[in-house]
Amino acid sequence: IERFAEQIKYLIPSPNEIPKLKGIDIYGSVQYLNEVAGGDHIIFIDFNSRYDLEARISDAKTKKIKDKLELNKNRVGVLIADAAGHGITDGLLIAQLHQAFLMGTLYELEQYGEITASLFEKINTRFYNSSSTSDFITMLYGEISDKGIIRFISAGHPLPLVYSCEQSR
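Residues numbered from 1 in each chain as written. Predicted model: local features only at pLDDT ≥ 70, side-chain atom pairs only at ≥ 80, totals over all residues. Heavy atoms only, no water.

S.K.: I tried to follow the overall build of the chain on my own but got confused; where do I start?
M.R.: Across its full length, the chain holds 6 helices and 4 strands. What you see in the chain, going N to C, is helices and strands ordered as α-β-α-α-α-β-α-α-β-β. Considering only intrachain contacts with a sequence separation of at least 6, the fraction spanning at least 24 residues in the chain is 67%. Accessible surface computed for the chain: about 10500 Å², of which carbon and sulfur atoms make up 54%. (Helix = DSSP H or I, 4+ residues; strand = E, 2+ residues; numbered from the N terminus. Contact = heavy atoms within 4.5 Å. Areas by Shrake-Rupley, 256 points an atom, 1.4 Å probe, with all protein chains shown as cover.)

Next comes the structure, spelled out in structure tokens:
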């Protein structure tokens, strides 16, 4: 358990990993029930720093992919996931999801220039085929642009709440 807890620490984002967009505050954190591991998780995607967009843009196979990659310069992604439970096995599922999502994101950027709904369909199928029926994970993935536009996909997770200072709601 100690070794597992040590590895899980590397999956929890540090405050300096929270992406920054001009005029938009982004924050999220995870606190585990037993301070070892659990089923709640968050991943921040700063496309510029995590995936070296400039290099990907120059290596893009088509103009369409290049154009889609350009859009990622001005947006960030946030994945929120929740495995059913708070134990070590739920932490293991989340660790598997963490790696699958980041690897899938890399593939999606190379193939399409953006993260598509297909990634979540593939992850869902893979986890369904390799987990017990009592184990499940809900996910919410959203991308926020510097223009304040949010696009998201929910995989069984409650919808996000967005607060506007401008409208005070």
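S.K.: What is the right way to look at the packing of aromatic side chains in this model?
M.R.: The description of two aromatic rings rests on the distance between their centres and on the angle between their planes. Inspection of every chain in the model, using the stated rule, returns 3 aromatic pairs. Here Phe101 and Phe120 contribute two aromatic rings whose centre-to-centre distance is 6.1 Å and whose plane-to-plane angle is 35°, an arrangement assigned as tilted. Note that Phe101 is positioned in helix H5 (residues 88-112) and Phe120 in helix H6 (residues 117-130), a separation of 19 residues in sequence. Classification of Phe101 as buried rests on a relative accessible area of 0%. With a centroid separation of 5.6 Å and 55° between ring planes, the pair formed by Phe101 and Tyr141 is classed as tilted. Highlighted residues: Phe101 in helix H5 and Tyr141 in strand S3 (residues 137-145), separated in sequence by 40 residues. (Phe/Tyr/Trp six-rings, centres within 6.5 Å; stacked < 30°, edge-to-face > 60°. Buried < 20%, exposed > 50% of the residue type's maximum accessible area, 1.4 Å probe, protein only.)

S.K.: Looking at this structure, I do not really get the side chain of Glu114. What am I missing?
M.R.: Along the chain, Glu114 falls in the loop between H5 and H6. Within the local environment of Glu114, its side chain forms a polar contact with the side chain of Lys68, the two groups lying 3.1 Å apart. At 3.5 Å, the side chain of Glu114 forms a polar contact with the side chain of Arg151. Setting aside anything within four residues of it in sequence, one finds Glu114 in contact with Lys68, Asn72, Arg75, Glu108, Leu109 and Arg151. (Polar contact = N/O pair within 3.5 Å; in protein donor to acceptor, adjacent residues only side chain to side chain.)

S.K.: How should I be thinking about the pairing of strand S4 (residues 150-155) in this particular structure?
M.R.: Look at any regular strand and the pattern is simple: side chains alternate between the two faces of the sheet. With 5 bridges connecting them, S3 and S4 associate as antiparallel partners. Bridged to Gly142 within S4 is Phe152. Connecting S3 to the next strand, S4, in antiparallel fashion are 4 residues, including Gly148 with a positive phi near 85°. (Pairing = 2+ DSSP bridges.)

S.K.: What exactly am I supposed to notice about the pairing of S3 here?
M.R.: Within S3, 9 of the 9 residues are buried, leaving the element largely enclosed by the surrounding structure. Side chains of S3 alternate between two faces, with Ile137, Met139, Tyr141, Glu143 and Ser145 and Thr138, Leu140, Gly142 and Ile144 buried alike. As paired elements, strand S2 (residues 75-83) and S3 share 9 bridges and run antiparallel to each other. Note on S3: the bridge partner recorded for Gly77 is Glu143.

S.K.: Looking at this model, I keep getting lost on the packing of H5 against H6. Mind explaining?
M.R.: For any two helices packed against each other, the geometry comes down to the angle between their axes and how far apart the axes lie. The interhelical angle for the contact between H5 and H6, taken along N-to-C directions, is 145°, at an axis separation of 10 Å. Both H5 and H6 take part in a crossing whose hand is right-handed. Residues Leu93, Gln96, Leu97, Ala100, Phe101, Gly104, Thr105 and Glu108 of H5 touch H6, and the partners they reach there are Leu119, Phe120, Ile123 and Phe127. Partitioned by chemical class, the residues of the contact of H5 with H6 number 8 nonpolar, 3 polar and 1 charged. (Axes fitted to C-alpha atoms, helices over the stretch in contact; angles between N-to-C directions. Left-handed = near helix turned anticlockwise from the far one by under 90°. Nonpolar A, V, L, I, M, F, W, Y, C, P; charged D, E, K, R; others polar.)

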